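Structural characterization, general
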Amino acid sequence: MSDVSLMVNGKRVSGAAEDRTLLVHFLRENLGLTGTHVGCDTSQCGACVVHVDGKAVKSCTMLAIQASGSTIVTIEGLANGADLHPVQAAFKEHHGLQCGFCTPGMIMTATDMINRHPEGLDEATVRAELEGNICRCTGYHNIVKAILAASKTMSKGKKKAA
């Protein structure tokens with residue numbers, strides 16, 4: 001067993017975990033953050049995406065001990081209290097979900113994508129960058145629409161702040 005110490009959604013947390021414990025299982029089982037889903041355990045689907053030190057990471061590909069000392073943001077930490085993050089609001093407004101299983105990973109991937117492209121996104125870029133996320137219910141049309149809308153909203157916000 002190893003001690004794992006993280007900053008998760010703005011709170012310092014720690015716990016013991018077997019050395020083979022994946023970050024996704026540590027978040028779900030040790031911390032009760034079940035918004036991060038386990039879809040495939042093979043890094044194919046993207047349902048487990050979280051932000052590690054500001055970058056999107058499939059948490060089924062990282063050991064909890066590897067993340068020790070890092071800052072983690074999960075879907076539970078994205079909103080500001082009752083105020084949805086712009087990507088969450090866009091998914092709601094543009095019906096970017098169906099069953100919702102892939103939605104947390106899609107939203108975390110989209111947030112990272114938008115942060116890496118502050119100038120804005122186009123449809124081809126969004127579709128290319130979503131290749132690591134699988135939705136079994138939709139044709140991705142509304143997911144792409146939601147990400148483009150959030151990108152536009154977040155780009156405007158950055159221009160106002162500048």
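About the cut-offs
- Residues numbered from 1 in each chain as written.
- Predicted model: local features only at pLDDT ≥ 70, side-chain atom pairs only at ≥ 80, totals over all residues.
- Heavy atoms only, no water.
- Core = buried A, V, L, I, M, F, W, Y, C linked by side-chain atoms within 4.5 Å.
- Buried < 20%, exposed > 50% of the residue type's maximum accessible area, 1.4 Å probe, protein only.
- Salt bridge = Lys/Arg side-chain N within 4 Å of Asp/Glu carboxyl O.
- Helix = DSSP H or I, 4+ residues; strand = E, 2+ residues; numbered from the N terminus.
- Contact = heavy atoms within 4.5 Å.
- Pairing = 2+ DSSP bridges.
- Axes fitted to C-alpha atoms, helices over the stretch in contact; angles between N-to-C directions.

- Identification of the protein chain as (2Fe-2S)-binding protein from Mesorhizobium qingshengii is taken from an unreviewed UniProt entry.

As for the nonpolar core
- Within the largest apolar cluster, 23 residues are counted, with the highest numbers of intra-cluster contacts made by Val87, Phe91, Leu130 and Ile147.
- One finds Leu6, Val50, Ala64 and Ala67 within the second-largest nonpolar core, a separate group that totals 14 residues.

Looking at the pattern of salt bridges
- Under the defined criterion, the tally for this structure stands at four salt bridges.
- Where arginine 116 meets glutamate 129, a salt bridge forms, and the shortest distance between an N and an O atom there is 2.4 Å. In this pair, arginine 116 is assigned in helix H4 (residues 103–116) and glutamate 129 in helix H5 (residues 123–129), connecting sequence segments 13 residues apart.
- Overall, glutamate 129 belongs to the partly exposed group, its relative accessible area being 26%.
- Across the pair glutamate 123 and arginine 127 runs a salt bridge whose closest N-O atoms are separated by 2.9 Å. Taken together, the residues glutamate 123 and arginine 127, both in helix H5 and four residues apart, mark about one turn of the helix.
- Glutamate 123 gets classed as partly exposed once you look at its relative accessible area, which sits at 41%.

Looking at helix H1 (residues 23–30)
- Among the residues of H1, Leu23, Val24, Phe26 and Leu27 are the ones counted as buried.
- Elements in contact with the buried residues of H1: strand E1 (2–8), strand E2 (11–17), strand E3 (49–52), helix H2 (64–67) and strand E5 (71–73).
- One or two residues past the end of H1 sits glycine 32, with phi positive at roughly 70°.

What to know about the environment of aspartate 3
- Within the fold, aspartate 3 resides in strand E1.
- Distance from aspartate 3 to valine 52, taken between C-alpha atoms, is 18 Å for residues 49 residues apart in sequence.
- Residue contacts for aspartate 3: discarding those within four places in its chain leaves Gly15, Ala16, Ile65 and Ser68.

A closer look at the sheet that holds strand E4 (residues 55–58)
- A sheet is described by the order of its strands in space; here five strands give the open sequence E2-E1-E5-E3-E4, paired in mixed fashion. Every other strand in the sheet has two partners, leaving E2 and E4 as the edge strands with one partner each. Within this sheet the neighbouring strands show an average axis-to-axis angle of 40°, counted without direction.
- Where E1 lies against E2, seven bridges are found, and the strand directions are antiparallel. Bridge assignment links serine 5 to a residue of E2, and that residue is serine 14.
- Strands E3, E4 and E5 of the sheet are contacted by H4, whose axis makes an angle of about 40° with E3.

As for the environment of glutamine 88
- Considering the arrangement of structural elements, one finds glutamine 88 in helix H3 (residues 86–93).
- Sequence separation between glutamine 88 and threonine 74 is 14 residues, and the spatial gap between their C-alpha atoms is 13 Å.
- When sequence neighbours within four positions are dropped, the list of residues in contact with glutamine 88 reads Ile75, Leu78, Ala79 and Ile107.

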